[in-house]
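Observations on the three-dimensional arrangement
One letter stands for each residue in the lines below.
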Amino acid sequence: MTALSAGPTVAAALLGAAGLTAALGLLGELHGGWFGTAAFAAGCWALGRRSRLPLAPAIGLAAWLFHNGFAEHRYAELRWQGWGFETRHLAVFAGAALLAALTARVSRRS
């Protein structure tokens, strides 16, 4: 896989996370909590279904950047609150994209 083939997926992940952040802001759910985390995980799942398997971590990282910067801490401020807390969010987002990519790959083969 080349960088050119990864570019559209990473761009889609960043744009999707930005759009989801804007939608959560309009709904008044732009704060740390289960709804925002579930919405970002669902977005990772949706994009993961359409991406290649090695790009799942990039999708999770893009979601984590927007979730951490706008939903958790607001005002585009990234903060690392410790390995346990932040790694859990990153694992949820990357895991959702990875599981979706795996299930899509299996369904394409059969």
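In what follows, the accompanying structure is described. (Residues numbered from 1 in each chain as written. Predicted model: local features only at pLDDT ≥ 70, side-chain atom pairs only at ≥ 80, totals over all residues. Heavy atoms only, no water.)

**What to know about the nonpolar core**
- Grouped together as the largest cluster of nonpolar side chains are 19 residues, with contacts concentrated most on Phe 40, Cys 44, Ile 59 and Phe 93.
- Elements represented by at least two residues in this core include exactly helix H1 (3-27), helix H2 (34-48), helix H3 (56-72) and helix H4 (83-109).
- The element that contributes the greatest number of residues to this core is H3, accounting for seven residues. (Core = buried A, V, L, I, M, F, W, Y, C linked by side-chain atoms within 4.5 Å. Buried < 20%, exposed > 50% of the residue type's maximum accessible area, 1.4 Å probe, protein only. Helix = DSSP H or I, 4+ residues; strand = E, 2+ residues; numbered from the N terminus.)

**Brief notes about a positive patch on the surface**
- Taken together, the side chains of Arg 49, Arg 50, Arg 105, Arg 108 and Arg 109 define a basic patch exposed on the protein surface.
- Tracing the backbone shows Arg 49 in the loop between H2 and H3. (Patch = residues over 30% accessible without salt bridge, like charges linked within 9 Å, V, L, I, M, F, W, Y side chains within 5 Å. Areas by Shrake-Rupley, 256 points an atom, 1.4 Å probe, with all protein chains shown as cover. Salt bridge = Lys/Arg side-chain N within 4 Å of Asp/Glu carboxyl O. Lys, Arg positive; Asp, Glu negative; His and termini not counted. Charge placed at Lys NZ, Arg CZ, Asp CG, Glu CD.)

**Side note on the packing of aromatic side chains**
- Enumeration over the complete set of coordinates arrives at three aromatic pairs.
- Measuring from centroid to centroid gives 5.7 Å for Trp 34 and Phe 35, while their planes differ by 90 degrees, and the two rings are edge-to-face.
- Residue Phe 35 is classed as partly exposed on the basis of its relative accessible area of 32%.
- For the pair Phe 40 and Phe 93, a centre-to-centre distance of 6.1 Å together with 50 degrees between the ring planes defines the contact as tilted. Of the two residues, Phe 40 is situated in helix H2 and Phe 93 in helix H4; the sequence distance between them amounts to 53 residues. Neither residue differs from the other here; Phe 40 and Phe 93 are each classed as buried. (Phe/Tyr/Trp six-rings, centres within 6.5 Å; stacked < 30°, edge-to-face > 60°.)

**A short note on the packing of H2 against H4**
- It is at 7 Å that the axes of H2 and H4 come closest, and there the two elements cross at 30 degrees. Relative to H4, H2 is oriented roughly parallel. The chirality of how H2 crosses H4 is right-handed. Side by side, H2 and H4 meet where Thr 37, Phe 40, Ala 41, Cys 44, Trp 45 and Gly 48 of the first sit next to His 89, Val 92, Phe 93, Ala 96, Ala 97, Leu 99, Ala 100, Ala 101 and Thr 103 of the second.
- Considered class by class, the residues forming the contact of H2 with H4 number eleven nonpolar, four polar and no charged. (Axes fitted to C-alpha atoms, helices over the stretch in contact; angles between N-to-C directions. Parallel < 35°, antiparallel > 145°, perpendicular 65-115°, else oblique. Left-handed = near helix turned anticlockwise from the far one by under 90°. Contact = heavy atoms within 4.5 Å. Nonpolar A, V, L, I, M, F, W, Y, C, P; charged D, E, K, R; others polar.)

**Topic: the packing of H2 against H3**
- For the pair H2 and H3, the least separation of the axes is 10 Å and the interaxial angle reads 155 degrees. The orientation of H2 with respect to H3, classified from their angle, is roughly antiparallel. Judged by the sense of rotation from one axis to the other, the crossing of H2 with H3 is right-handed. Seen from H2, the contacting residues are Gly 36, Thr 37, Phe 40, Cys 44, Leu 47 and Gly 48; seen from H3, they are Ile 59, Gly 60, Ala 63, Phe 66 and His 67.
- For the contact of H2 with H3, a count of residues per class yields six nonpolar, five polar and no charged.

Read these as spatial facts, not as claims about activity.
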